[in-house]
Amino acid sequence: MLNKISTNRSSNLLTSYLSLFTSFGTVLCCALPSLLVSIGMGAAFAGFIGVFPQVVWLSQNKLLVFGVSGLLILLSMFTLYIQRNAPCPIDPEQAKACTVARKWSIRISYMSLFFWITGAFFAFILPYFI
């Protein structure tokens, strides 16, 4: 039983971290370029593209990037919801680690959602108002 709980927690942390990094990719593809250009740092953005040409691929495939990252964020939130009442071990040290891991998983998931919404705003909504 304890092995199953630790496996579920590690998969929950894995989906949280994956959702964070994929949502951060949406920020790199869409929010960061818009922000740099809007505050007059177009040359800095050109230098950024020169160093990281993969950003162009992210921008060209933003529907795929947003779709995958959105699914991972939903998966992370779903696993957090399912395991919200999962028991922690009785041992005080393990119980504290369990509680800390659960809190960090929630924080990372909400941070991922914030990054995703920010990127979606810059990629899909803001262009209609400019």
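Analysis parameters
Residues numbered from 1 in each chain as written. Predicted model: local features only at pLDDT ≥ 70, side-chain atom pairs only at ≥ 80, totals over all residues. Heavy atoms only, no water. Helix = DSSP H or I, 4+ residues; strand = E, 2+ residues; numbered from the N terminus. Buried < 20%, exposed > 50% of the residue type's maximum accessible area, 1.4 Å probe, protein only. Contact = heavy atoms within 4.5 Å. Areas by Shrake-Rupley, 256 points an atom, 1.4 Å probe, with all protein chains shown as cover. Patch = residues over 30% accessible without salt bridge, like charges linked within 9 Å, V, L, I, M, F, W, Y side chains within 5 Å. Salt bridge = Lys/Arg side-chain N within 4 Å of Asp/Glu carboxyl O. Phe/Tyr/Trp six-rings, centres within 6.5 Å; stacked < 30°, edge-to-face > 60°. Lys NZ or Arg CZ within 6 Å of the ring centre and 35° of its normal. Disulfide = S-S within 2.5 Å. Axes fitted to C-alpha atoms, helices over the stretch in contact; angles between N-to-C directions. Parallel < 35°, antiparallel > 145°, perpendicular 65-115°, else oblique. Left-handed = near helix turned anticlockwise from the far one by under 90°.

Caption draft 1: Inspection of the overall build of the chain at higher detail. Per the secondary structure count, the chain includes five helices and zero strands. Each helix and strand of the chain, ordered N terminal to C terminal, gives the series α-α-α-α-α. The burial tally for the chain puts 31% of its 130 residues in the buried class. Put simply, 79% of the contacts in the chain that link residues at least 6 apart link residues at least 24 apart. As displayed, the chain offers around 8,400 Å² of accessible surface, 75% of which is attributable to carbon and sulfur atoms.

Caption draft 2: Inspection of a nonpolar patch on the surface at higher detail. Nonpolar side chains collect at one region of the surface, where Ile106, Tyr110, Leu113 and Ile117 lie side by side and expose about 360 Å² of accessible area between them. Among the structural elements, Tyr110 can be located in helix H5 (residues 92-125).

Caption draft 3: Expanded view of the packing of aromatic side chains. Scanning all chains against the criterion turns up five aromatic pairs. Pairing Phe114 with Phe115 gives two aromatic rings, centres 6.2 Å apart and planes at 45°, and the pair type is tilted. According to the relative accessible area criterion, Phe114 is exposed, its value standing at 54%. Each ring, one from Phe121 and one from Phe122, has its centre 5.6 Å from the other, and the planes form 80°; the classification is edge-to-face. On the basis of relative accessibility, which here comes to 36%, the residue Phe121 falls in the partly exposed class. In this structure, Arg84 is placed above the aromatic ring of Tyr81, and the distance from its NZ or CZ to the ring centre is 4.0 Å. Against the face of Trp104 rests Arg107, its NZ or CZ located 4.9 Å from the ring centre.

Caption draft 4: Molecular detail of the state of the cysteines. Under the criterion given, the structure shown has one disulfide. The side chain of Cys88 participates in a disulfide bridge whose partner is Cys98; the two sulfur atoms lie 2.0 Å from each other. Because the torsion about its S-S bond is -65°, the bridge between Cys88 and Cys98 counts as left-handed. Here Cys98 lies in helix H5 and Cys88 lies in the loop between helix H4 (62-82) and H5, a separation of ten residues in the sequence. For Cys88, a relative accessible area of 28% puts it in the partly exposed group.

Caption draft 5: Quick peek at the packing of H4 against H5. Running from N to C, H4 and H5 cross one another at 155°; their axes reach a closest spacing of 10 Å. Relative to H5, the element H4 lies roughly antiparallel. The chirality of how H4 crosses H5 is left-handed. In this structure, H4 contributes Lys62, Leu63, Phe66, Ser69, Gly70, Ile73, Ser76, Met77 and Leu80 to the contact, and H5 contributes Ser105, Ile106, Ser109, Tyr110, Ser112, Leu113, Trp116, Gly119, Ala120, Ala123 and Phe124.

Caption draft 6: The environment of Leu18, seen in detail. Note on placement: Leu18 falls in helix H1 (residues 2-38). Remark: the alpha-carbon pair of Leu18 and Ser109, spanning 91 residues in sequence, is separated by 9.6 Å.

Caption draft 7: Inspection of the environment of Leu80 at higher detail. With respect to the secondary-structure elements, Leu80 resides in helix H4. With 22 residues separating them in the primary sequence, Leu80 and Arg102 have C-alpha atoms 8.3 Å apart.

Any link to function would need more than the numbers given here.
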